[in-house]
Every structure is written in C-alpha cells, then in structure tokens.
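Listed here are the chains, written in short residue letters.
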Amino acid sequence: MNYVYLEPDGNLSEKDISEKLTERTKIFAVTQISNVLGLKNDVKKFAAKAHEVGAKIVVDGSQSVPHIPVDVQDLDADFLVFSAHKMLGPMGIGILYGKKNILENMQPFLTGGDMIEYVTEQETTFAELPNKFEAGTQNVGGAAGLSAAIDYINSVGFDEIERTEKFLTEYAISELKKIPYVELYGCEPENKIGIISFNIKDVHPHDVATILDAEGVAIRAGHHCAQPLTKYLGQIATCRASFYLYNTPEDVERLVAAIKKVRGVMKIA
C-alpha cells in the first residue's frame, strides 16, 4: 500500500500522486474533503489520473456530500460513499454509489435475504442491482431519516450552506490567528470547508475539549480516525471545531473566548 503525502499548505501533493499512480495500482482511495483539515481535493482530476493507469477510484464523500453539490458522473468516480449522520440524518446507515458496469461484475460480499434470485442445493443466482448488495432486513427507519435529511438540506440549498460555512470558517481562522499560543493546521488555502484543526501550546487536546465543554462549547479532540495524518502533522492528537448551516457568528465568538481561558485553567502563564 502506498500513501500520498501533503504539500506544506496541507493539500495533497499532485507530484506525489503522479509518481505513485502506476499501472500496478488497482484502487486509488481519496477523500473529497478532509475530515481533519477541511481541505477540498480535486477528485475529478484525480479520477482522470487513476483511469489513465487503469485504476479504480474510491471517493470518501462523508465530508463533502453534506456541504457541497456532488455529481458522481461529472467526477467520474467509480465508487463514492457517505454517511447519514454527517448530514443531519440518523446513525447506522450510509450510501455506497458504484458505477453500474462495475457492480454488475462484482460478487456480493454479504449474503442474506433479498439479495438472491434463486437458491438450490448446489448453486445460487443473485438479484439485480441494487438488491444484489442489500443482504438481510433493511434499515427502513434509517433510510426514511436519511431521505428526510436530504430533502431538508436541499430545501436550505448548497449556496446558503457554502456561504454560511465560508463566512464562519474565515471569521474563526482570523480570530484564532490573533492568539499566539494557538497552532492551526491546513488553514491557509482557499479551498476549505467548515473544519478547523488546532492545538493550544502546552495543553493536551483532550484537556482543551474538557475545558471548552465546561464553557458550553463542543469540539472534538483526538486523531479523528486519521492517525497517519495526525502523526504526519507531528501531533499526538488535535482539536477540531466544525461549522455547519446551524452555526452563527456568536458560536465563533464563544469558541474563541473559551479557548482564551484554557491556559489560565491549566495554570499556564
């Protein structure tokens, strides 16, 4: 397995991608928006590079689908996945998109009710897509919740979501840059969506999160299911503030005010 590394600004290195994508590559897996840095990747360009060498591209859309319009056909993605709980929906359900011609030639990886056509003692034939990959009793409640979440997001509109997130993210970054003991990660580029990763000098991220929680501010602290990236940044963990359509400038101000209290609570001058 090969890994693609970052440029100093936090974006994926296109030079590294070009060097590591070879005719031996079978699958190129990439996130459309990083859940750690909030940076958007040019998936359409990466898909073209992958297809040039005969590889399939698998796109993690968990951070992109709730925030920006995503057209799998325009991207030419072979597969794209996303989760309901990242887009105001219920937990325990998500979506796997795959190109029809690829899915038709794949064997099911789960077996159970509804994914078979005929069963005999010696052989089995599978149902047509998409049932071929839907084994067992479906999460009907989850599907209804996901459908409602999609309808709601569409009613708000991606233009409004992107406008809100861009304003809040830029506002927060500008304020946090004024605090000398706050270290920001991947916060320079323009192609950034709703996520700010940071640390406070001399304070463990888990302590930061606990202190902010006491101030009524919710962030996440840890490696964010991305330990190789955290290590690459030279950190054991980071704090992550996330903004979405329901956040306001007052939320940014409460975050900044709470961060300014952290070192005092820890008795650090």
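The rules behind these values
- Residues numbered from 1 in each chain as written.
- Predicted model: local features only at pLDDT ≥ 70, side-chain atom pairs only at ≥ 80, totals over all residues.
- Heavy atoms only, no water.
- Core = buried A, V, L, I, M, F, W, Y, C linked by side-chain atoms within 4.5 Å.
- Buried < 20%, exposed > 50% of the residue type's maximum accessible area, 1.4 Å probe, protein only.
- Helix = DSSP H or I, 4+ residues; strand = E, 2+ residues; numbered from the N terminus.
- Contact = heavy atoms within 4.5 Å.
- Pairing = 2+ DSSP bridges.
- Expected span 1.5 Å × (residues − 1).
- Arc of directions from axis to C-beta.

**Student:** Quick question: what am I supposed to make of the nonpolar core here?
**Tutor:** As a rule of thumb, soluble globular proteins bury nonpolar side chains together. Ranked by internal contacts, the top residues of the largest apolar core, which has 27 residues, are Phe198, Val208, Leu212, Ile219 and Ile259. Listing elements by their share of this core, those giving two or more residues are helix H6 (158-176), strand S8 (195-200), helix H7 (205-214), strand S10 (238-242) and helix H9 (249-265). Excluding residues within four positions of it along the chain, Ile219 makes contact with Phe198, Val208, Ala209, Leu212, Cys239, Arg240, Ala241 and Leu255. Counting 26 residues, the second-largest nonpolar core is a separate cluster that includes Ala50, Ile57, Ile93 and Tyr244.

**Student:** Which parts of the structure should I look at to understand the pairing of strand S3 (residues 79-83)?
**Tutor:** Summarising the sheet, strand S2 (residues 56-60) and S3 pair through three bridges and their orientation is parallel. Within S3, the residue paired with Asp60 across the bridge is Val81.

**Student:** Explain H6 to me, please; I cannot follow it from the model alone.
**Tutor:** One full turn of an α-helix is made of 3.6 residues, so residues set three or four places apart face in the same direction. The end-to-end C-alpha separation of H6 is 26 Å, in line with the 27 Å expected for 19 residues at 1.5 Å each. Considered for burial, the residues of H6 that qualify are Phe158, Ile161, Thr164, Glu165, Leu168, Thr169, Ala172, Ile173 and Leu176. Considered in projection along H6, the buried side chains sweep an arc of 150° and stay on one side of the axis. Counted as exposed and oriented over 90 degrees from the buried face of H6: Asp159 and Arg163. Lining the buried residues of H6 we find helix H5 (140-156), strand S7 (182-185), S8 and H9.

**Student:** Looking at this structure, how should I read the pairing of S8?
**Tutor:** Across a regular strand the side chains alternate sides, sitting on one face of the sheet and then on the other. Burial runs high along S8: six of the six residues are buried. Of the strand pairs in this sheet, S7 and S8 are connected by four bridges, and their pairing is antiparallel. Looking at S8, one finds that Val182 is bridged to Ile200. With four bridges connecting them, S8 and S10 associate as antiparallel partners. Counterpart to Ser197 in the pairing with S10 is Arg240.

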